[in-house]
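Okay, here's what each chain looks like letter by letter:
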Amino acid sequence: MTAIKIDKLTKKYKDLTAVDSLSLEIVEGELFSLLGVNGAGKTTTIKMLSGLVIPSSGDAEILGHSILREPDKIKGLIDLSMQETAVARKLTVRENVRFYAALSGQSKEEIEKSERYVFDVFGLGEVSGKKASELSGGWQRKLSIALALITKPKILFLDEPTLGLDVLARRELWAAIKNLKGKMTIILTTHYMEEAEALSDRIGIMKSGKLVFTGTKEELFEASGEKSVEDAFVRLVTEGGYHA
Amino acid sequence: MRKSFSRIGTLTVRNIKEIARDPLSLIFIFAMPLAMQILFYFTFHKMTPQFEMKYLAPGIVLFSQAFLTLFMGLLIALDRTTSFLTRLYVSEAKAYEFILSYALSALPIVFIQSVLFFLVGGIIDPKIFGAGMLLALLLSLFTSLTFLGLGILFGCLCNEKSIGGVASIVIAGQSLLSGMWFPMEGIPKGVLTLMNVLPFRNATTLVQNALNGAPASFKAFGLPILVVAAYALGFLTLSIFVFRNKMKAK
């Protein structure tokens, strides 16, 4: 079943076209990675799909609900981890987890389960009593991402989730994301090619607001004649486009 | 509806913790007004009736509420600029739930402020103890809604850098236009009209009248209640409108 159906989605800011007539379908349970250089339109696309930015034209359906006509029905079905760290500063790690879990309507038992999940999977248990504002940037980032995972949305948007994380933390997050594969639809934007390679079912490459490639890793290699996602990406953004 | 109440409760508890864990806000909300109450009473109460405890204690209660405008505004402005709220916009929480939770989170602080300043006032001058104090306590919760409404509105409109300047206008307004620090005799008619139209004097008079057991009348209670209620309702409604607009995708 289709989770996200994007139809000619466009966002213009005065003379700049941030996203240019993007059309795409993502099926339920799929992990779709959106790649692109800075300013390619990845974040704007995610913000439009999550109802934070109104498209200039075009539309998209999230599990059958239009982002233009039924934005309220989409809330509760999705969650978003933004590029910026978004945590309650003066709450402890444990309180942040409990706060987000409770706000998403979880029962007491579910909240405790969420707490254990965050502590076990992300190792946040060792700083559970510390206020978020007292954590290092990396720990804050981990907490911010973990909070998006506990609400169990049907569709999860992860905008450059591993930005600013060290190698070990990045691998921890990869494992957590892999574990979620198939349980929810995940749309991930990233600058790290190996991340897209390790996690994605399909990859989309954006260039100057346009989607210049969609397909599997194998299709990307075939289309570009390269043998790594990074080389294929460089070739495609410096040359033409291809849709599998 | 049950989900809505639950979300309001969750947001309120979080906001209370954010305010209560800021040492600077605690100094301005409790310590500084308390020091002023004690200092002003012992320095001036024999010279100026304004500083007799029956007038000073309600004045300090209202003055400390004006500082809540600043801290409520700061909390919301910081929530907005740190992406915390942007993330919550994706949740099912509605604009009115956010605004109610911000307002409700300050009420326990207002209650503690009022109890503290009335109690200390009563220890210094036991004549102010009485049934009027309970009514004054209740009405001080009501008057705080004006200051909280303003703080929420400023927080929706300003960033954390400009909020200090904007909120200081309210603190100055409460100091200069409430009649709490100086006698009303000799004040020009135009200024007096302004004082009667704005909420500061009405809120102060209301709590003073309650504490001092003024006979129930429209002038003593009805009119100030109407003026303060109109401002509180206006500010809170406007806040919901502005907040909802900020939540909407651009």
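Residues numbered from 1 in each chain as written. Chains lettered and ligands numbered in written order. Predicted model: local features only at pLDDT ≥ 70, side-chain atom pairs only at ≥ 80, totals over all residues. Heavy atoms only, no water.

1. A few points about the overall build of chain A
Consideration 1: For chain A, the helix and strand inventory stands at nine helices and eleven strands.
Consideration 2: For 244 residues, the compact-globule formula gives about 18 Å, and the C-alpha radius of gyration of chain A, at 18 Å, lands near that figure.
Consideration 3: Taking all contacts inside chain A whose residues are at least 6 apart in sequence as the whole, residues at least 24 apart take part in 66%.
Consideration 4: For chain A, the distance from the average site of its 34 positive side-chain charges to the average site of its 35 negative ones is 4 Å. (Helix = DSSP H or I, 4+ residues; strand = E, 2+ residues; numbered from the N terminus. Rg over C-alpha atoms; globule rule 2.2 N^0.38 Å. Contact = heavy atoms within 4.5 Å. Lys, Arg positive; Asp, Glu negative; His and termini not counted. Charge placed at Lys NZ, Arg CZ, Asp CG, Glu CD.)

2. Topic: the overall build of chain B
Consideration 1: If you tally the helices and strands in chain B, you get ten helices and zero strands.
Consideration 2: Along the chain direction, N to C, the helices and strands of chain B fall in the order α-α-α-α-α-α-α-α-α-α.
Consideration 3: Over its C-alpha atoms chain B spans a radius of gyration of 18 Å, differing by no more than 12% from the 18 Å that the globule rule assigns to 250 residues.
Consideration 4: The buried share of chain B, reckoned over its 250 residues, is 54%.
Consideration 5: Put simply, 77% of the contacts in chain B that link residues at least 6 apart link residues at least 24 apart. (Buried < 20%, exposed > 50% of the residue type's maximum accessible area, 1.4 Å probe, protein only.)

3. Some words on the packing of aromatic side chains
Residue and element names in this part refer to chain B.
Consideration 1: Going through the model one piece at a time under the given rule, you end up with 19 aromatic pairs over all chains.
Consideration 2: Geometrically, the ring pair formed by F40 and F51 is edge-to-face, given 5.6 Å between the ring centres and 85 degrees between the ring planes. With F40 in helix 2 (residues 23-44) and F51 in the loop between helix 2 and helix 3 (53-81), the pair connects residues that are eleven residues apart, well separated along the chain.
Consideration 3: Overall, F51 belongs to the buried group, its relative accessible area being 7%.
Consideration 4: Considering the side-chain rings of F147 and F200, the 6.3 Å spacing of their centres and the 35 degrees angle between planes classify their relative orientation as tilted. Taken together, the residues span a long stretch of sequence, with F147 in helix 6 (residues 131-157) and F200 in helix 9 (residues 199-211) at a distance of 53 residues.
Consideration 5: A relative accessible area of 9% places F200 in the buried class. (Phe/Tyr/Trp six-rings, centres within 6.5 Å; stacked < 30°, edge-to-face > 60°.)

4. A closer look at the interface of chain B and chain A
Consideration 1: Counting residues at the interface gives 24 residues for chain B, matched by 31 residues for chain A.
Consideration 2: Roughly 2500 Å² of surface becomes buried between chain B and chain A when both sides are summed, with 59% attributable to carbon and sulfur atoms.
Consideration 3: Between chain B and chain A we count four salt bridges in total.
Consideration 4: Among the salt bridges present, the one from E95 of chain A reaches R21 of chain B, with a minimum N-O distance of 2.6 Å.
Consideration 5: At the boundary of chain B with chain A, the tally comes to nine residue pairs in polar contact (both at pLDDT 80 or more).
Consideration 6: Mapped by element, the contributors of at least two residues to the side of chain B that touches chain A are helix 1 (2-20), helix 3 and helix 4 (84-89) of chain B.
Consideration 7: Here the side of chain B that touches chain A gets six residues from one element, more than from any other, and that element is helix 1 of chain B.
Consideration 8: Taken together, the residues that form the side of chain B that touches chain A break down as nine nonpolar, five polar and ten charged. (Buried area = accessible area lost by both parts, 1.4 Å probe. Salt bridge = Lys/Arg side-chain N within 4 Å of Asp/Glu carboxyl O. Polar contact = N/O pair within 3.5 Å; in protein donor to acceptor, adjacent residues only side chain to side chain. Nonpolar A, V, L, I, M, F, W, Y, C, P; charged D, E, K, R; others polar.)

5. Some details on the nonpolar core
Consideration 1: Judged by nonpolar contacts, the single largest core of 146 residues is most densely connected at I4 and F157 of chain A together with F243 of chain B.
Consideration 2: If one sorts the elements of this core by residue count, helix 3 of chain B sits on top with 15 residues.
Consideration 3: With near-sequence residues (within four places) excluded, I4 of chain A lies in contact with L24, E25, I26, L49, E61, I62, I155, F157 and I187 of chain A.
Consideration 4: Of all hydrophobic cores here, the second largest spans 14 residues; its members include M193, V212, L220 and V237 of chain A. (Core = buried A, V, L, I, M, F, W, Y, C linked by side-chain atoms within 4.5 Å.)

6. Re the pairing of strand 3 (residues 31-36) of chain A
Residue and element names in this part refer to chain A.
Consideration 1: Within strand 3, six of the six residues are buried, which leaves the element mostly enclosed by the surrounding structure.
Consideration 2: In strand 3, alternate side chains face the same way, and those of L31, S33 and L35 on one face and F32, L34 and G36 on the other are all buried.
Consideration 3: Looking at chain direction, strand 3 and strand 8 (residues 185-190) are connected through five bridges and run parallel. Paired with L35 across the strands is T190, a residue of strand 8. (Pairing = 2+ DSSP bridges.)

7. Let's talk about the pattern of salt bridges
Consideration 1: A complete count under the given rule lists 18 salt bridges over all chains for this structure.
Consideration 2: Measuring nitrogen to oxygen at the nearest pair gives 3.7 Å for the salt bridge that ties D125 of chain B to K127 of chain B.
Consideration 3: On the accessibility criterion, D125 of chain B (12% relative accessible area) is buried.
Consideration 4: Residue classification places K127 of chain B among the exposed residues on the basis of a relative accessible area of 73%.
Consideration 5: Look at the salt bridges and you will find they share partners, linking R89 of chain A together with R14, E18 and D79 of chain B into a network.

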